[in-house]
Amino acid sequence: MGKRPNSTVAIVGPGRLGQAMGKLLWQAGVPIKFVAARELARARNAVRFIGGGKALSLKDRRLADADIILITTSDTALNPVARELAGYREDWSGRIALHTCGSVPACVLDPFRNRGASIGALHPYQTIPNPSAGVRNLRGGFWAVEGDRRAVAVARRWVKMFSGTTFELQPDAKPIYHLSAFLVCPTVVTLMDCSERLLQQAGVPRRVIRPMLGRFVSETVNNFVEFGARKALTGPAVRGDWTTLEKHVAELQRFAPEVIPAYIELLNLMLRVAGASPDRSKRARRAISSGLRAAARPQRNTPK
Ligand SMILES: NC(=O)c1ccc[n+]([C@@H]2O[C@H](COP(=O)([O-])OP(=O)(O)OC[C@H]3O[C@@H](n4cnc5c(N)ncnc54)[C@H](OP(=O)(O)O)[C@@H]3O)[C@@H](O)[C@H]2O)c1
């Protein structure tokens, strides 16, 4: 059944990723039979976005008529949802259950496997802030897959339909794999938010800030991809401009003291990437202490 291109699919928990995948599958001609959510209204909205499928409540046992169950709920819901849905049919032989979480192994779907199904997981290394963005940015992306052979074959076929690339991951490597994504996506957005606030404080026009930050960060990313981390590093810590670091810390202390611990830790990591000598690291630490002392002194021209 895994090989049949017309195997029917039920999407369970259609949030950002579920709706995006649903629409991509639907556009590729995969029959989306059901779209199921806790609230029927949510399922109906998702069906409208995806373009097809019948909206069902999660309690509806007809869900078990689909050949492939694709669970795209939040991570913590995977276990209870799998346990409940697996109970909708005695024998799942020949059927497939997949989920899309990057940190949880496919074996969370064991309730299906225990009743004969093949289980697997596919995870896009991508950020999907809303379903429409997902339809755009999941095409041509990179996906980790793991699980039973038949389930993984379906995952690979779907990703191929999206012009993407798959690679196999060991189940016990999933937390560290997911951590790598966490470190460069929501954290970068958080740092960009800090920069945005500092630029506002500096009086840079609001209309300029986001496009300027976007261009800057994109270039940084391009340099990392082209040259690797060490050669992509620029800035005062790499140059050894210690007075600039001193000023940074003093300004942070005045305008964004909550950012200082992150600044210091990032600076330490940065010096390691740069391969800085112990002497350079010592001078960086001195610059930080001196910046903090400078901030503690009374200011004559503090901006309002
Ligand atoms: N968004 C991303 O950038 C991204 C990227 C890669 C992988 N993923 C993975 O994709 C999965 C979904 O993420 P998402 O960002 O699409 O999440 P989301 O937009 O928050 O959607 C999660 C869906 O799960 C449903 N849900 C939550 N708790 C449930 C429960 N107890 N029972 C049934 N349904 C429940 C929600 O239903 P209600 O509408 O009823 O609340 C919602 O439809 C996660 O495993 C995540 O790790 C996400």
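Right above here is the structure, for reference.
Residues numbered from 1 in each chain as written. Predicted model: local features only at pLDDT ≥ 70, side-chain atom pairs only at ≥ 80, totals over all residues.

**Student:** What should I look at first to understand the packing of helix H13 (residues 260–274) against helix H14 (residues 278–296) in this one?
**Tutor:** The relative placement of two packed helices comes down to the angle between their axes together with the axis-to-axis distance. Taken N-terminus to C-terminus, the directions of H13 and H14 make an angle of 165°; their axes are 11 Å apart at the nearest point. The pairing of H13 with H14 is recorded here as roughly antiparallel in orientation. Of the two possible hands of crossing, H13 and H14 adopt the one that is right-handed. Residue-level inspection shows Ile-264, Leu-267 and Leu-271 of H13 in contact with H14, the latter providing Arg-280, Ser-281, Ala-284 and Ile-288. Per-class residue counts for the contact of H13 with H14 are five nonpolar, one polar and one charged. (Axes fitted to C-alpha atoms, helices over the stretch in contact; angles between N-to-C directions. Helix = DSSP H or I, 4+ residues; strand = E, 2+ residues; numbered from the N terminus. Parallel < 35°, antiparallel > 145°, perpendicular 65-115°, else oblique. Left-handed = near helix turned anticlockwise from the far one by under 90°. Contact = placed C-beta atoms within 7 Å. Nonpolar A, V, L, I, M, F, W, Y, C, P; charged D, E, K, R; others polar.)

**Student:** Is there a simple way to explain the nonpolar core in this structure?
**Tutor:** Taken as a class, soluble globular proteins show a tendency for nonpolar side chains to be buried jointly. Core analysis: the largest hydrophobic core is formed by 60 residues, its most contacted members being Ala-10, Val-35 and Leu-98. The biggest single contributor to this core is helix H6 (residues 149–161), with six residues. Setting aside anything within four residues of it in sequence, one finds Val-35 in contact with Ile-11, Pro-14, Gly-22, Ala-43, Ala-46, Val-47, Ile-50, Gly-53 and Ala-55. The next biggest cluster of nonpolar side chains, apart from the first, holds ten residues, and it includes Ala-250, Leu-267, Leu-271 and Ala-284. (Core = buried A, V, L, I, M, F, W, Y, C linked by C-beta atoms within 7 Å. Buried ≥ 20, exposed ≤ 12 C-beta atoms within 10 Å, placed from the backbone.)

**Student:** How do you make sense of the site of the ligand when you look at a structure like this?
**Tutor:** Taken together, 25 residues surround the ligand, and among them Gly-13, Gly-15, Leu-17, Ala-77 and Cys-101 come closest. For the shell around the ligand, the secondary structure elements donating two or more residues are helix H1 (16–27) and strand S6 (118–124). A total of three residues in the shell around the ligand trace back to one element, the largest contributor, which is H1. In terms of residue class, the shell around the ligand is built from nine nonpolar, eleven polar and five charged. (Near = placed C-beta within 6 Å.)

**Student:** Help me understand the sheet that holds strand S4 (residues 68–71), please; the structure alone is not making it clear to me.
**Tutor:** Sheet strands line up and pair through hydrogen bonds in the backbone, either parallel or antiparallel. Spatially, S3-S2-S1-S4-S5-S6-S7-S8 is the arrangement adopted by the eight strands of the open sheet, whose pairing is mixed. Strands at the two margins of the open sheet, each flanked by one partner only, are strand S3 (54–57) and strand S8 (165–168). When the angles between neighbouring strand axes are averaged without regard to direction, this sheet yields 25°. Sheet topology places strand S5 (residues 96–99) next to S6; four bridges connect them, and they run parallel. Across the sheet, the residue bridging to Leu-98 is Gly-120, located in S6. Sheet strands in contact with helix H3 (residues 78–86) are strand S1 (9–12), S4 and S5, and its direction is about 155° off that of S4. (Pairing = 2+ DSSP bridges.)

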